[in-house]
Amino acid sequence: MLVIDWLFPKNCYGCSKPGEYLCNDCIKKHCSVRWDQTCHVCNRNVSVGSIHIECGAQTYLDGVFCMFVYDGLIKKIVHDVKYNFYHDVFNELGVKMAKFSMILPKFEKLVITSVPLNPKKKNFRGFNQSKILAKKVAKYQGVEYLEILKRTKNTKSQVGMSLVERQTNLKNAFKLTSKEILKNFNNLIIVDDVYTTGSTLNECAKLIKSHNQSMNVYAFTLARAPGGVMD
Ligand SMILES: [Zn+2]
Ligand SMILES: [Zn+2]
């Protein structure tokens, strides 16, 4: 037994069984895994890795994949971990997400990145949960994880903001770490923990496409708000 396991025993958030933070039984009983993917614009079913042609004009993202519906147990875990600074849970969730990434189409010249945190938040929390998840997925997919985006300002929390407020908040919030990097790839997946309105991910995709129009940009998140339609 590792010292860390003794100091912080791994127990399932759902049933308290030791060994994992989220056991398979609780996933089956209490979590909705999204085997069927829906279009992030209109929320109708769509084949994995695409959006409806008629929805394409409303978004910069070529597709959004997500593993769980963001409710119940998953919501509790993500919330708890983010505010209790316990990043090891994200290591486990990252492995689960990586295995789930089997459903993704085989992308040629793929690179994986994550949404950067506000610098202030990162200093406070000490880790970026999206990066932890992204690195696990990249390793499993056998592709590179690269930091392609950086924050240029501390944006405010977007909870409760209108679409216009979110757009103002996100304006010029990101920059590329290097424009050169993009030339080596045709497909890019941005990993994040939760997809709510998609404003942040869409803003990242917009920036990337403004430097490389032929890049396909996808989002892959641990969870997505139930029924959420992009506004
Ligand atoms: Zn359990
Ligand atoms: Zn659609």
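For the structure, see preceding data.
Heads up: these notes are all about the structure in this document.

About the thresholds
- Residues numbered from 1 in each chain as written.
- Chains lettered and ligands numbered in written order.
- Predicted model: local features only at pLDDT ≥ 70, side-chain atom pairs only at ≥ 80, totals over all residues.
- Heavy atoms only, no water.
- Phe/Tyr/Trp six-rings, centres within 6.5 Å; stacked < 30°, edge-to-face > 60°.
- Helix = DSSP H or I, 4+ residues; strand = E, 2+ residues; numbered from the N terminus.
- Axes fitted to C-alpha atoms, helices over the stretch in contact; angles between N-to-C directions.
- Parallel < 35°, antiparallel > 145°, perpendicular 65-115°, else oblique.
- Left-handed = near helix turned anticlockwise from the far one by under 90°.
- Contact = heavy atoms within 4.5 Å.
- Nonpolar A, V, L, I, M, F, W, Y, C, P; charged D, E, K, R; others polar.
- Donors = N, O, S within 2.8 Å, 3.2 Å for Na, K, Ca; no water.
- Tetrahedral: all angles 85-135°; square planar, octahedral: opposite > 155°, others 65-115°.
- Expected span 1.5 Å × (residues − 1).
- Buried < 20%, exposed > 50% of the residue type's maximum accessible area, 1.4 Å probe, protein only.
- Polar contact = N/O pair within 3.5 Å; in protein donor to acceptor, adjacent residues only side chain to side chain.

Below, the discussion takes up the packing of aromatic side chains. Per the stated rule, a full pass over the model turns up 7 aromatic pairs. With a centroid separation of 6.3 Å and an interplanar angle of 85°, the aromatic rings of F65 and F220 are classed as edge-to-face. Taken together, the residues F65 in strand β1 (residues 63–69) and F220 in strand β7 (residues 216–224) connect sequence positions 155 residues apart. Members of the aromatic cluster, connected to one another through ring pairs, are W35, F65, F100, F107, Y218 and F220.

The interhelical angle for the contact between helix α4 (residues 88–100) and helix α6 (residues 129–141), taken along N-to-C directions, is 40°, at an axis separation of 8 Å. As far as their axial angle goes, α6 and α4 are oblique. The handedness of the crossing between α4 and α6 comes out as right-handed. Only Q129, I132, L133, K136, V137 and Y140 of α6 make contact with α4, whose side of the interface consists of F90, N91, L93, G94, V95, M97, A98 and K99. Counted by class, the contact of α4 with α6 contains 9 nonpolar, 3 polar and 2 charged residues.

Glancing now at the coordination of the zinc ion (ligand 2). For the zinc ion (ligand 2), the full set of protein donor atoms is C39 (SG), C42 (SG), H52 (ND1) and C55 (SG), at a range of 2.1 to 2.4 Å. Every donor counted, the 4 donor atoms about the zinc ion (ligand 2) form angles of 94 to 121° at the centre, which fits tetrahedral coordination.

A few words on α6. In this model, α6 (13 residues) spans 19 Å end to end at C-alpha, consistent with the 18 Å of a helix rising 1.5 Å per residue. Along α6, the residues classified as buried are Q129, S130, I132, L133, A134, V137, A138 and Q141. Capping of α6 at its N-terminal end is provided by N128; its side-chain oxygen lies 2.9 Å from the backbone amide nitrogen of S130. G142 lies just past α6 and shows a positive phi near 70°.

A separate point is the coordination of the zinc ion (ligand 1). Taken together, the protein ligands of the zinc ion (ligand 1) are C12 (SG), C15 (SG), C23 (SG) and C26 (SG), with distances of 2.3 Å. Taken together, the 4 donor atoms coordinating the zinc ion (ligand 1) span angles of 105 to 115° at the metal, a pattern that classifies the geometry as tetrahedral. Along the chain, the residues donating to the zinc ion (ligand 1) are arranged with the sequence spacing C-x2-C-x7-C-x2-C. Highlighted residues: C12 in the loop between α1 (3–7) and α2 (24–30) and C23 in the loop between α1 and α2, separated in sequence by 11 residues.

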